[in-house]
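Descriptive structure summary
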Amino acid sequence: MSKRQRDSRDYARRMRLIQERATARRSRMRTAYSAIGAVLLVFVVMGLVKLGSGGGGSAAPSALPSGASAESIVSGVTSVPATTLDTVAAGAKPSLPTALTGQPALTDGGKPLILYVGAEYCPFCAAQRWPVVIALSRFGTFSGLTLTTSAADDSYPNTPTLSFHGSTYQSQYLSFQGVETTTNTRKNGQYGQLDTLTAAQQQVVAKYNAAPFVPADSAGAIPFIDFANKALQAGASYSPQLLADHTHQQVLDAIKNPDSQVGRAIDGSANAMTALLCKITGNQPGDVCSSAAVKAFQGEFANVGQ
């Protein structure tokens, strides 16, 4: 073999080696790009799932009960058996309203006024409405209560609850005003407007939902409840976390079960408010205010009315 032939063979071998290396490099690059693309696809899918669930990682709310099912739940929470409430008694020992002294009476139509201020998006309001409705239903009758949930994009998302928006309350002992300032869904980044505080309600909130009547770190909190200027509550009496993953029907079932954790929290809170309301009404009606449920909190509101 001549030198020229050997040089030609060596050149062909070198070129083949270069091509093989180039082919291998392109194959590795394709593999790397495929892996990167797969990772990017995963992130895109995760983003779409997050957007589809309403943001914040929260699950989409289930459909609200309607028709006869909704009516049954409202009827159930407004007529919790006295025997169940008596059995629960102090229950889970809820956070209690703070007694006021030396304040002018808050009334409406000549009767002590209970003013509630909240919003439908608020999970703490969602938790607190259950015991408020139970307690007040022992002194009067609600009409127009509806079912809703807290916001899907807030803490404790989709907490099942009721709404006072559009409702009325009749009682021979008390007056009640329930104000829901906003909805539970955003439009242009803001929760929609619902109820507007009257001038008189604004004055109450400005004075009493602030220090020194509530702790400075709770000032402006909702839910805010003024019990006829005899006691105040800013915030919920138990954690909304207890209602996580519950439907409205499951909450009602728990309320009727004095052995359940949720029932002991809600019914115990309702009993505390009932005891407070009995102080405000002069222990009327007698059958309610002499019950074991009320006696469980007999010494808690001794200063109310002084």
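Residues numbered from 1 in each chain as written. Predicted model: local features only at pLDDT ≥ 70, side-chain atom pairs only at ≥ 80, totals over all residues. Heavy atoms only, no water.

**A closer look at the confidence of the model for the protein chain**
Overall, the predicted model of the protein chain reaches an average pLDDT of 85, with 79% of residues at or above 70. Within the model, pLDDT remains below 50 along residues 2–58, and this stretch shows 12 contacts once partners closer than five positions in the same chain are excluded. (pLDDT = per-residue confidence, 0-100. Contact = heavy atoms within 4.5 Å.)

**Notes on helix α4 (residues 123–136)**
Between its terminal C-alpha atoms α4 stretches 20 Å, which fits the 20 Å expected from 14 residues at 1.5 Å a residue. Its axis deflected by about 30° at R129, α4 carries its strongest bend there, up to four residues before the proline P131. (Helix = DSSP H or I, 4+ residues; strand = E, 2+ residues; numbered from the N terminus. Expected span 1.5 Å × (residues − 1). Bend = angle between axes of the 7 residues up to and from the residue.)

**A short note on the environment of I73**
Here I73 shows up in helix α2 (residues 67–77). Its relative accessible area of 1% is what places I73 among the buried residues. Considered as a pair, I73 and V251 are 178 residues apart in the sequence and their alpha carbons are 9.3 Å apart. (Buried < 20%, exposed > 50% of the residue type's maximum accessible area, 1.4 Å probe, protein only.)

**With respect to helix α7 (residues 261–280)**
Taking 1.5 Å as the rise per residue, α7 with 20 residues should run 28 Å; its terminal C-alpha atoms sit 29 Å apart, in good agreement. The buried count for α7 comes to 17 of 20 residues, which makes it a mostly enclosed element. Just beyond α7, the residue with positive phi is G282, at close to 70°.

**What about the packing of aromatic side chains?**
Overall, the coordinates contain 9 aromatic pairs when judged by the stated rule. Summarising the aromatic geometry, the rings of F164 and F176 are spaced 5.0 Å apart at their centres and angled 65° between planes, so their arrangement reads as edge-to-face. Of the two residues, F164 is situated in the loop between β6 (160–163) and β7 (168–170) and F176 in strand β8 (residues 175–180); the sequence distance between them amounts to 12 residues. Since its relative accessible area comes to 11%, F176 is described here as buried. Joined through ring pairs, the aromatic side chains of Y116, F142, F164, Y169 and F176 make up one cluster. (Phe/Tyr/Trp six-rings, centres within 6.5 Å; stacked < 30°, edge-to-face > 60°.)

**Here we look at the packing of α4 against α7**
Between α4 and α7, the shortest axis-to-axis distance is 8 Å and the interhelical angle comes to 45°. Regarding the angle of α4 to α7, the classification is oblique. Crossing angle aside, the handedness with which α4 passes α7 is right-handed. Residues Q128, W130, P131, V132, I134, A135 and L136 of α4 form the contact with α7, whose own contacting residues are I266, D267, S269, A270, M273, T274 and L277. Here the residues of the contact of α4 with α7 sort into 10 nonpolar, 3 polar and 1 charged. (Axes fitted to C-alpha atoms, helices over the stretch in contact; angles between N-to-C directions. Parallel < 35°, antiparallel > 145°, perpendicular 65-115°, else oblique. Left-handed = near helix turned anticlockwise from the far one by under 90°. Nonpolar A, V, L, I, M, F, W, Y, C, P; charged D, E, K, R; others polar.)

**Overview of the pairing of strand β12 (residues 231–234)**
In terms of strand pairing, strand β1 (residues 98–99) meets β12 through 2 bridges, oriented antiparallel. Bridging across to β12, T98 finds its partner in L232. Bridging between strand β11 (residues 224–227) and β12 involves 4 bridges; their strand directions are antiparallel. Paired with I225 across the strands is Q233, a residue of β12. The antiparallel pairing of β11 with β12 creates a hairpin that spans 3 residues between the two strands, and A228 there sits at a positive phi of about 60°. (Pairing = 2+ DSSP bridges.)

**A short note on the packing of helix α6 (residues 248–255) against α7**
Contact pair α6 / α7: the axes reach a minimum separation of 7 Å and the direction vectors enclose 75°. Comparing their axes, α7 and α6 come out roughly perpendicular. Contacts from V251, A254 and I255 in α6 reach V262, G263, I266 and D267 in α7. A class-by-class count of the residues in the contact of α6 with α7 yields 5 nonpolar, 1 polar and 1 charged.

**A word on the pairing of β6**
Here β6 shows no split at all, with P160 and L162 on one side and T161 and S163 on the other all buried. Across 4 bridges, the pairing between strand β5 (residues 146–149) and β6 is antiparallel. Within β6, the residue paired with L147 across the bridge is L162.

**As for the side chain of R129**
For R129, the position within the fold is in helix α4. Residue class for R129 comes out buried when judged on its relative accessible area of 0%. Engagement of the side chain of R129 in a polar contact is seen with the side chain of Y116, the distance being 3.2 Å. Among the polar contacts made by the side chain of R129, one reaches the main-chain carbonyl oxygen of A119 at a distance of 2.9 Å. (Polar contact = N/O pair within 3.5 Å; in protein donor to acceptor, adjacent residues only side chain to side chain.)

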